[in-house]
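# Observations on chain architecture
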Amino acid sequence: MTEVKETPLKKVMIIVAKASIEDVYAGLIMANGAVMEGIEAKLFFTFFGLDAITKKQMNKLHTGVVGNPGMRMPGGLPFPTLLGVIPGVEAGVSAMMKKQMDDLDVPPVDEFLDMIAAGGGEVYACKMAADMFKLTMDDFSEHVKAIITVGDLYAMSGGEGSQIIFT
Amino acid sequence: MAEKTLAGKTVEVTEEGYLVNPEDWSQEIAADLAKENGIELTDKHYEVLEYLRKESAAGSALSIRKVGKSGITDIKGLYQLFPGGPLKYSSKFAGIPKPASCV
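As a starting point, this report considers the structure included with it. The structure displayed is predicted, hence computed values, not measured ones.

## Considerations on the overall build of chain B
A tally of regular secondary structure across chain B gives five helices and two strands. Computed over the C-alpha atoms, the radius of gyration of chain B is 13 Å, within 12% of the 13 Å expected from 2.2 N^0.38 for a compact globule of 103 residues. Projected onto its principal axes, the C-alpha positions of chain B cover 35 × 25 × 20 Å. Looking at chain B residue by residue over its 103 residues, the buried ones come to 47%. Contacts in chain B between residues at least 24 apart in sequence constitute 48% of all its contacts with a sequence separation of at least 6. Entry remark: accessible area of chain B is about 5,100 Å², with carbon and sulfur atoms responsible for 48%.

## Structural notes on the interface of chain B and chain A
If you look at the interface, chain B gives 15 residues, while chain A gives 17 residues. Buried surface at the junction of chain B and chain A, summed over both partners, amounts to about 1,300 Å²; 58% is from carbon and sulfur atoms. The largest contributions to the chain B side of the interface with chain A come from B:Arg65, B:Tyr79 and B:Val103, which together make up 51% of the buried area. Along the contact surface separating chain B from chain A lie five salt bridges. The partner of A:Asp105 in a salt bridge is B:Arg65, and the shortest N-O contact between them spans 3.3 Å.

## With respect to the packing of helix α1 (residues 21-36) of chain A against helix α3 (residues 89-103) of chain A
All names here are of chain A. Packing of α1 against α3 leaves a shortest axis separation of 12 Å and a crossing angle of 25°. Accordingly, the angle class assigned to the pair α1 and α3 is roughly parallel. Within the contact between the two elements, α1 uses Ile21, Glu22 and Tyr25 and α3 uses Ser94, Met97, Lys98 and Met101. Within the contact of α1 with α3, the residues separate by chemical class into four nonpolar, one polar and two charged.

## Side note on the pattern of salt bridges
One pass over the structure, following the stated rule, counts 16 salt bridges over all chains. With its nearest N and O atoms 3.6 Å apart, the salt bridge here joins A:Lys145 to A:Glu122. With A:Lys145 in strand β4 (residues 144-148) and A:Glu122 in strand β3 (residues 122-126), this pair connects stretches of sequence that are 23 residues apart. On the basis of relative accessibility, which here comes to 51%, the residue A:Lys145 falls in the exposed class. The class of A:Glu122 is buried, set by a relative accessible area of 18%. Put simply, A:Asp102, A:Asp105, A:Glu111, B:Arg65 and B:Lys69 are held in one network by salt bridges that share partners.

## Topic: the side chain of A:Ser94
Residues and elements named next belong to chain A. Checked against the element boundaries, serine 94 lands in helix α3. Serine 94 gets classed as buried once you look at its relative accessible area, which sits at 1%. In this view, serine 94 contacts Ile21, Leu61, His62 and Thr63; residues no more than four positions away in its chain are not counted.

## Observations regarding the environment of A:Tyr25
All names here are of chain A. You can see tyrosine 25 is positioned in helix α1. Separated by 142 residues in the primary sequence, tyrosine 25 and threonine 167 have C-alpha atoms spaced 9.8 Å apart. Within the structure, tyrosine 25 has its side chain in polar contact with the backbone oxygen of proline 107 (distance 2.8 Å).

## Brief notes about the pairing of strand β1 (residues 2-6) of chain B
The two faces of a sheet get side chains in turn, since along a regular strand they alternate between them. Residue and element names in this part refer to chain B. In this sheet, strand β2 (residues 9-13) lies alongside β1 in antiparallel orientation, the contact comprising five bridges. Residue glutamate 3 lies in a different strand from β2, and its bridge partner there is glutamate 12. Here β1 hands over to β2 after two residues, with alanine 7 in that stretch at a positive phi of 50°.

## Re the nonpolar core
One finds A:Leu28, A:Leu43, A:Phe45, A:Leu50, A:Ile53, B:Leu49 and B:Phe93 to be the most contacted residues of the largest nonpolar core, which totals 73 residues. The element contributing the most residues to this core is α1(A), with eight residues. Excluding residues within four positions of it along the chain, B:Leu49 makes contact with B:Trp25, B:Ala30, B:Leu41, B:Phe82, B:Ser90, B:Phe93 and B:Ala94. Counting residues in hydrophobic clusters, the runner-up holds five residues, among them A:Val65, A:Met71, A:Val89 and A:Val93.

Conventions we followed
- Residues numbered from 1 in each chain as written.
- Chains lettered and ligands numbered in written order.
- Predicted model: local features only at pLDDT ≥ 70, side-chain atom pairs only at ≥ 80, totals over all residues.
- Heavy atoms only, no water.
- Helix = DSSP H or I, 4+ residues; strand = E, 2+ residues; numbered from the N terminus.
- Rg over C-alpha atoms; globule rule 2.2 N^0.38 Å.
- Buried < 20%, exposed > 50% of the residue type's maximum accessible area, 1.4 Å probe, protein only.
- Contact = heavy atoms within 4.5 Å.
- Areas by Shrake-Rupley, 256 points an atom, 1.4 Å probe, with all protein chains shown as cover.
- Buried area = accessible area lost by both parts, 1.4 Å probe.
- Salt bridge = Lys/Arg side-chain N within 4 Å of Asp/Glu carboxyl O.
- Axes fitted to C-alpha atoms, helices over the stretch in contact; angles between N-to-C directions.
- Parallel < 35°, antiparallel > 145°, perpendicular 65-115°, else oblique.
- Nonpolar A, V, L, I, M, F, W, Y, C, P; charged D, E, K, R; others polar.
- Polar contact = N/O pair within 3.5 Å; in protein donor to acceptor, adjacent residues only side chain to side chain.
- Pairing = 2+ DSSP bridges.
- Core = buried A, V, L, I, M, F, W, Y, C linked by side-chain atoms within 4.5 Å.

Shape descriptors only; they carry no functional weight alone.
Encoded structure:
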């Protein structure tokens, strides 16, 4: 007989690599949800995900309206891809998504990072992506603790009950 | 459902230890519940609990963001008051249902 031992989740490392509203919020909601449950959370932003911690971009995220099969018109009809190419449509849809989230008490990105940091969550930027996009600590939110390598990320991912989540 | 004796009174609680009937609540019951989590309630704690009870009775959806904007404490303060569960523990001690919120 093998004994089944349940190990409670103690730490999550959440990697965000994309800049669309839904990709960034998936990571933020999971990190905030973790600290609210007393689980240690560290967020690692890389590639286009860096937009979420770049002061100039963080509150201007968009959701893709072209080639997004999940996108629907209000009322449920499919959202025609051709409509998405009209200037202003993506901005309009993105503004609507943000409004709907705000109604559910989901804050804008800067405030969300404040909330996660208030709960002890940590935020890091990927060194390679920061170099590639020519971004430095000056460009990032005050909550970014450091620009780290993937090796540093793995070094802080150890321990029983730790999980790495790539959103 | 289970029964539990808190502050000398037998009350119905859920499997997770939340009061089934918010009207069973008293400050003494809150203190007993908090003790189980190793928390000694202060006036500031009670201010948060009263706020949550008021909002819950009014049917509002609760979130730490909302408590953080209540003027009682900010989110950092809320984490310090209720370590490891700013919303779930505060709701438990406030005698209201476990919040079904992701924020």
